[in-house]
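An overview of the molecular structure
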Amino acid sequence: LRAVATGYSDAGRLLATLGDFAAARTAYETAVARFEALPQSERSAASAQFAFALKRLGAVLLRDDRFAEAEQRYRAALAIEEEGLAALNQGDTRAYDITFTLSDLALVQSRLDKWADAAEMWQRALDIRKAVSDADPKNVRALAGVATLYGRLSLAARASGDLDTCIARLRDELRLRDQ
């Protein structure tokens with residue numbers, strides 16, 4: 001059953017790549033339902049694939065402006081990923097992966113005009129990316145990711161009317177991008 005759920009998720013990815021987002025949504029919804037139907041022990045063993053299907057479903061829903069549903073799926077994926085994150089050391093490069101979920105969830109929240117919640121998620125992602133970057137200062141991916149999140153935080157600050165913080169975060173982003 002796990003292989004079937006993963007197969008539907010893979011089909012969703014292919015369909016989305018081909019631009020058939022309605023069919024991709026159906027495939028991801030089926031994958032999520034199949035993962036949810038697995039016995040708990042098997043679902044735990046497939047947690048990364050389950051979280052991936054939830055995130056991809058969230059992305060398709062986001063694309064369709066179905067923000068509340070997208071938020072629900074991203075939150076479910078985040079809960080799964082946070083279970084695994086607790087076992088990692090700060091600065092572990094595997095921790096970096098959860099930052100994409102945090103950032104995508106923040107994007108959904110910004111679309112729902114929940115800028116304070118978005119800023120909180122982007123800040124959490126930034127803290128993780130900075131820890132990864134600090135652990136390996138030559139990690140260009142982490143450094144670019146830190147810069148991107150400074151840019152996102154500048155948007156949240158602007159939306160809340162805090163222009164000083166908006167400018168400061170933009171300067172942080174540009175400083176890193178100039179390196």
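Structure shown above.
All figures in this text were calculated on a predicted structure; none of them were measured in a lab.

Conventions used here
- Residues numbered from 1 in each chain as written.
- Predicted model: local features only at pLDDT ≥ 70, side-chain atom pairs only at ≥ 80, totals over all residues.
- Heavy atoms only, no water.
- Helix = DSSP H or I, 4+ residues; strand = E, 2+ residues; numbered from the N terminus.
- Rg over C-alpha atoms; globule rule 2.2 N^0.38 Å.
- Buried < 20%, exposed > 50% of the residue type's maximum accessible area, 1.4 Å probe, protein only.
- Salt bridge = Lys/Arg side-chain N within 4 Å of Asp/Glu carboxyl O.

Along the protein chain, the regular secondary structure elements total 9 helices and 0 strands. Its C-alpha atoms give the protein chain a radius of gyration of 17 Å, near enough to 16 Å, the size a compact globule of 179 residues would have. Projected onto its principal axes, the C-alpha positions of the protein chain cover 50 × 35 × 25 Å. Burial statistics for the protein chain: of 179 residues in total, 40% are counted as buried.

A few words on the pattern of salt bridges. Scanning the entire structure with this criterion turns up 12 salt bridges. Salt-bridge contacts for Glu-29 lead to Arg-25; the nearest nitrogen and oxygen are separated by 3.8 Å. With Glu-29 and Arg-25 both in helix H2 (residues 21-37) and 4 residues apart, the pair spans about one turn of that helix. Of the residues examined, Glu-29 reaches a relative accessible area of 33% and is grouped as partly exposed. Classification of Arg-25 by relative accessible area gives buried; the value is 19%. For Arg-175, the salt bridge identified is with Asp-172, shortest N-O distance 3.9 Å. One end of the pair, Arg-175, and the other, Asp-172, are both in helix H9 (residues 163-177), 3 residues apart, so they sit about a helical turn from each other. The buried category is assigned to Asp-172, whose relative accessible area is 15%. One salt-bridge network, in which partners are shared between bridges, spans Arg-25, Glu-29, Arg-63 and Asp-64.

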